[in-house]
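So the chains spell out like this:
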2 protein chains.
Amino acid sequence: MTTKQIVLASRPLGLPTVANFKYENTVLPNLQEGEILLQGLFYSVDPYMRGRMNDAKSYSPPFQLNEPIQGSVIAKVLESKSDNFKKGDTVAGFFPWQEQFIYNGKGLQKIDATIAPLSYYLGILGMTGLTAYFGLMDIGKPKAKETVVISGAAGAVGMVVGQIAKLQGCHVVGIAGSEMKIKLLKELGFDDVINYKTTIDIKNSIANLCPNGIDIYFDNVGGEISDAVINNINFHARIILCGQISLYNNTEIPMGPRLQPTLLTRSALMQGFIIGNYQSRFPEGIQHLTNWVKENKLIFKETIVHGFDQLPAAFIGLFDGENIGKMIVEA
Amino acid sequence: MTTKQIVLASRPLGLPTVANFKYENTVLPNLQEGEILLQGLFYSVDPYMRGRMNDAKSYSPPFQLNEPIQGSVIAKVLESKSDNFKKGDTVAGFFPWQEQFIYNGKGLQKIDATIAPLSYYLGILGMTGLTAYFGLMDIGKPKAKETVVISGAAGAVGMVVGQIAKLQGCHVVGIAGSEMKIKLLKELGFDDVINYKTTIDIKNSIANLCPNGIDIYFDNVGGEISDAVINNINFHARIILCGQISLYNNTEIPMGPRLQPTLLTRSALMQGFIIGNYQSRFPEGIQHLTNWVKENKLIFKETIVHGFDQLPAAFIGLFDGENIGKMIVEA
């Protein structure tokens, strides 16, 4: 039995192109005792995957050339030789970009389509929601009336961060790149949203929308947008480094104003994190997120692209801001 | 009765010069009930004072033109109309650069010359020691066997940080600017010290001396030295921003490589602080420092300049690294 997979054909220089990926057929071996055969339903594309396409030391090892890309996937059990799974079960896990694949069943999360749409387990009830929750709550420690600024606010993580910050009683200002995104974020309860593509003086615009300064900056983007925000932080501000999507495709070391004098004089904190650091607390996060979703306090948006073959294009689209909310490919 | 004072004559552009200061005579009013007349004995000069010479928002308000500079001073009571102080008492406080001055006695710390030399209350048993203690212990949270790098290691704070880190069982590497400083730091127990003035490739030199990477970076200096250190930090590293002396005299916004990608991929923390944040915990810090000094586990070094009139020159000398340990002016 053969199945299609998408491998990394070459390491991108700068912005990835479809030429960096290759479609291949691969033969699936016979199912062994304890294994399950899975069919991919929803595939997650995430900005952090760009880092793994470089041959550089990071928190996760680089993707190997001519090996399939890997990421979060929702899949259905087609055949099971495991006592823990039966045909028809749906699971969330870390799998290859492959239409069908065999897995040993270990560390796999069975998911329940009656609580939320299956794709939500890649987003609000998965890594995305957990990233927003722990980044904001554990590093940001928001207090009522504080001002929270979010870059990449219409992205999967950003829009959840903003809504959780509103639930904490904060003043929330987002930064996003289209009028459609701004309209949506206002519907989700953001107090203000800046369009960084049409605003000439972002520093000044942020200062105007944050008259009490900025207490928390949840950063998904980096670069000049961050310079403008950090210029306006308060004493004891917390800067949460979740992503730096504006820099991921740089081919040279990006330069900018040195931050240390500002962080020093304002006793500010800057903290990088990856969601894996919080693994032992995932149940706590999922519990909160599930409750908020059930109570309609947290609205989640997805951009769903159809067709397994569209995975590379959907991934590349992240860097052009083509997604509103979580970008997902439905096979 | 008149006394001499040193006022800020003009705001420095770049490195301060003696022309930015002016000596003046001022008349002391008669002592009122509750007040004390003080004679300055030891005056502290500190890098942070440079920031207060600019007319810029920071954690402490700017010095006013034609008003005396203020800083930490050890003084002797010449005359007292306060029930809390008697003639001959010695006190530590925040006072003007003035030979004699009147104070209302509030919030003043009486000091005991039998525990340590009086000048130590400006250093190891004062703000310097507390800054080293809380910065390293509270933000850095050192664990045995971790690697700690300190810039400005032969400065007042740096040499205390290094010794406390050794007491915690850490591997300690200092960065300093002369062979004499390096020799001294090795005597104090530093495992290695890099001379940043004679080392051609600091990044490489740090990597060689920290084969297990860097867990804690206590930064007094900033600029390119910090770039080299941060390049070598470990996952979950802590960067303590205590000073940025290499940048204080910049007249333009200093540029450098953007740090966020490194902090993000290594889940690292960068935290600015000022010692005032820890006011409620000063007794805890002083207790530890006093014990270590009494037990000879903490050696303190001072550069004492003689003569009240030398205050501006001693202050300016900080930026040329003229001091080993705490720079103090004895009147």
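A closer look at the overall build of chain A
Step number 1: For chain A, the helix and strand inventory stands at nine helices and 16 strands.
Step number 2: Expressed as lengths along the three principal axes of its C-alpha atoms, the size of chain A is roughly 65 × 45 × 35 Å.
Step number 3: Buried positions account for 50% of the 331 residues belonging to chain A.

Let's talk about the sheet that holds strand 10 (residues 192-195) of chain B
Step number 1: Strand order across the open sheet formed by twelve strands is 10(A)-9(A)-8(A)-11(A)-12(A)-14(A)-14(B)-12(B)-11(B)-8(B)-9(B)-10(B), with mixed pairing between neighbours. Each edge of the open sheet is held by one strand with a lone partner, namely strand 10 (192-195) of chain A together with strand 10 of chain B. Across this sheet, the average inter-strand angle for adjacent strands is 15°, counted without regard to direction.
Step number 2: The strands that helix 4 (residues 179-187) of chain A touches are strand 9 (171-176) and strand 10 of chain A; relative to strand 10 of chain A, the one it contacts most, it runs at about 170°.
Step number 3: Its contacts with the sheet place helix 2 (residues 127-140) of chain B against strand 11 (214-219), strand 12 (233-241) and strand 14 (269-272) of chain B, and it is angled at close to 145° to strand 12 of chain B.

Some words on the interface of chain B and chain A
Step number 1: Counting residues at the interface gives 31 residues for chain B and 31 residues for chain A.
Step number 2: Contributions of two or more residues to the side of chain B that touches chain A are made by strand 12, strand 13 (255-257), helix 7 (260-265) and strand 14 of chain B.
Step number 3: Looking at which element gives the most residues to the side of chain B that touches chain A, the answer is helix 7 of chain B, with five residues.
Step number 4: A per-class count over the side of chain B that touches chain A returns 17 nonpolar, twelve polar and two charged.
Step number 5: Looking at chain direction, strand 14 (residues 269-272) of chain A and strand 14 of chain B are connected through three bridges and run antiparallel. In the strand pairing of strand 14 of chain B, M270 of chain A is matched with M270 of chain B.

Here we look at unusual backbone geometry
Step number 1: In this structure, K141 of chain A is a non-glycine residue whose phi angle is positive, near 45°.
Step number 2: Along the chain, the position of K141 of chain A falls in the loop between helix 2 (127-140) and strand 8 (147-151).
Step number 3: A positive phi is found at N296 of chain B, a non-glycine position, where the angle reads about 65°.
Step number 4: A residue is classified by how many C-beta atoms lie within 10 Å of it, and N296 of chain B, with 7 of them, is exposed.

Concerning the domain arrangement of chain A
Residue and element names in this part refer to chain A.
Step number 1: Parsing chain A into structural domains produces domain 1 (2-123 + 301-330) and domain 2 (127-276).
Step number 2: The centre of domain 1, based on its C-alpha atoms, is set 29 Å off from the matching centre of domain 2.
Step number 3: Across the contact, 16 residues belong to domain 1 and 16 residues belong to domain 2.

Describing the relation of the copies chain B and chain A
Superposition of the two copies of the chain requires a rotation about an axis and a shift along the axis.
Step number 1: Overlay of chain B on chain A (RMSD 0.0 Å): rotation 180°, translation along the axis 0.0 Å. With respect to symmetry, the two chain copies, as superposed, fit the operation of a two-fold axis. Within chain B, the C-alpha atom positioned nearest to the axis of rotation is that of M270 of chain B, 2.5 Å from it.
Step number 2: Mapped onto chain A, 100% of the interface residues of chain B are again interface residues, and the two copies thus contact each other with one and the same surface.

What to know about the packing of helix 2 of chain A against helix 8 (residues 282-294) of chain A
Residue and element names in this part refer to chain A.
Step number 1: In the contact formed by helix 2 and helix 8, the axes pass within 9 Å of each other and the chain directions differ by 100°. On the basis of the axis angle, helix 2 is roughly perpendicular to helix 8. Residues G129, L130, Y133 and F134 of helix 2 pack against F282, G285, H288 and L289 of helix 8.
Step number 2: The residue inventory of the contact of helix 2 with helix 8, partitioned by class, reads five nonpolar, three polar and no charged.

Topic: the nonpolar core
Step number 1: Grouped together as the largest cluster of nonpolar side chains are 206 residues, with contacts concentrated most on V149, L185 and Y217 of chain A together with V149, L185 and Y217 of chain B.
Step number 2: If near-sequence neighbours (up to four positions away) are discounted, Y217 of chain A is found in contact with V149, V229, I230, I233, A237, I239 and I240 of chain A.

Concerning the environment of G123 of chain A
All names here are of chain A.
Step number 1: With respect to the helices, strands and loops of the structure, G123 is situated in the loop between strand 7 (109-110) and helix 2.
Step number 2: Under the C-beta neighbour-count criterion, G123 is labelled buried, with 28 such atoms within 10 Å.
Step number 3: In sequence terms G123 and D55 are 68 residues apart; their C-alpha atoms lie 27 Å from each other.
Step number 4: In contact with G123, other than residues within four places in its own chain, are T128, G129, A156, F300, E302 and K326.

Points about the packing of helix 2 of chain A against helix 3 (residues 156-167) of chain A
The description of two helices packed together rests on the angle between their axes and the distance between the axes.
All names here are of chain A.
Step number 1: Contact pair helix 2 / helix 3: the axes reach a minimum separation of 8 Å and the direction vectors enclose 45°. The angle between the axes of helix 2 and helix 3 places the two elements in the oblique class. For the pair helix 2 and helix 3, the sense of crossing is right-handed. Contacts between helix 2 and helix 3 involve T128, G129, T131, A132, Y133, G135 and L136 on the former and, on the latter, A156, V157, V160, V161, I164 and A165.
Step number 2: Considered class by class, the residues forming the contact of helix 2 with helix 3 number nine nonpolar, four polar and no charged.

Looking at the pairing of strand 14 of chain B
Residues and elements named next belong to chain B.
Step number 1: Residues L269 and Q271 point to one face of strand 14 and M270 and G272 to the other, with burial holding for every one of them.
Step number 2: As judged from the four bridges shared by strand 12 and strand 14, these two strands associate in the parallel manner. Following the sheet pairing, L241 is matched in strand 14 by G272.

Thresholds applied
- Residues numbered from 1 in each chain as written.
- Chains lettered and ligands numbered in written order.
- Predicted model: local features only at pLDDT ≥ 70, side-chain atom pairs only at ≥ 80, totals over all residues.
- Helix = DSSP H or I, 4+ residues; strand = E, 2+ residues; numbered from the N terminus.
- Buried ≥ 20, exposed ≤ 12 C-beta atoms within 10 Å, placed from the backbone.
- Pairing = 2+ DSSP bridges.
- Axes fitted to C-alpha atoms, helices over the stretch in contact; angles between N-to-C directions.
- Contact = placed C-beta atoms within 7 Å.
- Nonpolar A, V, L, I, M, F, W, Y, C, P; charged D, E, K, R; others polar.
- Domains from an automatic or database assignment.
- Least-squares fit on C-alpha atoms with pLDDT ≥ 70 in both.
- Parallel < 35°, antiparallel > 145°, perpendicular 65-115°, else oblique.
- Core = buried A, V, L, I, M, F, W, Y, C linked by C-beta atoms within 7 Å.
- Left-handed = near helix turned anticlockwise from the far one by under 90°.

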